[in-house]
Amino acid sequence: MGNKTACGGGRAEHIWVEVIGMRNGVFQGRLANDPVTPGYRAGDPVELSPDEIEDWMINTGEARFGGYTVRAMMGDMPAAQAEELRRQFRD
């Protein structure tokens, strides 16, 4: 997954994108969550260039790698949720 910034109403929004491929140096993917920005929904197709990516995460189902914004937010999560994520991160 990658994290993409979209602008709506003059504000930036950070959106997780499930990357499904790459063509001509551009990532192809789908929005992984419902954005606040009007006109977009989870599952919508998007394209993003590598310089638009602010964070990344690989989830193998058994382990997670990357996800540094998620890690930074663990202090604001319920303790059990944060601990489960800590067990999953491998890097």
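See the structure printed just above.
Because the structure is a prediction, the values reported are computed rather than measured.

Run through the nonpolar core, naming residues and quoting values.
Counting eight residues, the largest nonpolar core consists of W16, M57, V70, M74, M77, A82, L85 and F89. Formed by six residues, the second largest nonpolar core is a distinct cluster that contains I15, V17, L31 and L48.

How would you sum up the pattern of salt bridges? Please name residues and give values.
Summed over all chains, the structure comprises four salt bridges. Salt-bridge contacts for R87 lead to E83; the nearest nitrogen and oxygen are separated by 3.8 Å. Here E83 and R87 lie together in helix α2 (residues 79-88), a separation of four residues that amounts to about one turn. Assessed through its relative accessible area of 35%, E83 is described here as partly exposed. Two residues, E84 and R87, come together in a salt bridge whose shortest N-O distance is 2.7 Å.

What counts and what doesn't
- Residues numbered from 1 in each chain as written.
- Predicted model: local features only at pLDDT ≥ 70, side-chain atom pairs only at ≥ 80, totals over all residues.
- Heavy atoms only, no water.
- Core = buried A, V, L, I, M, F, W, Y, C linked by side-chain atoms within 4.5 Å.
- Buried < 20%, exposed > 50% of the residue type's maximum accessible area, 1.4 Å probe, protein only.
- Salt bridge = Lys/Arg side-chain N within 4 Å of Asp/Glu carboxyl O.
- Helix = DSSP H or I, 4+ residues; strand = E, 2+ residues; numbered from the N terminus.

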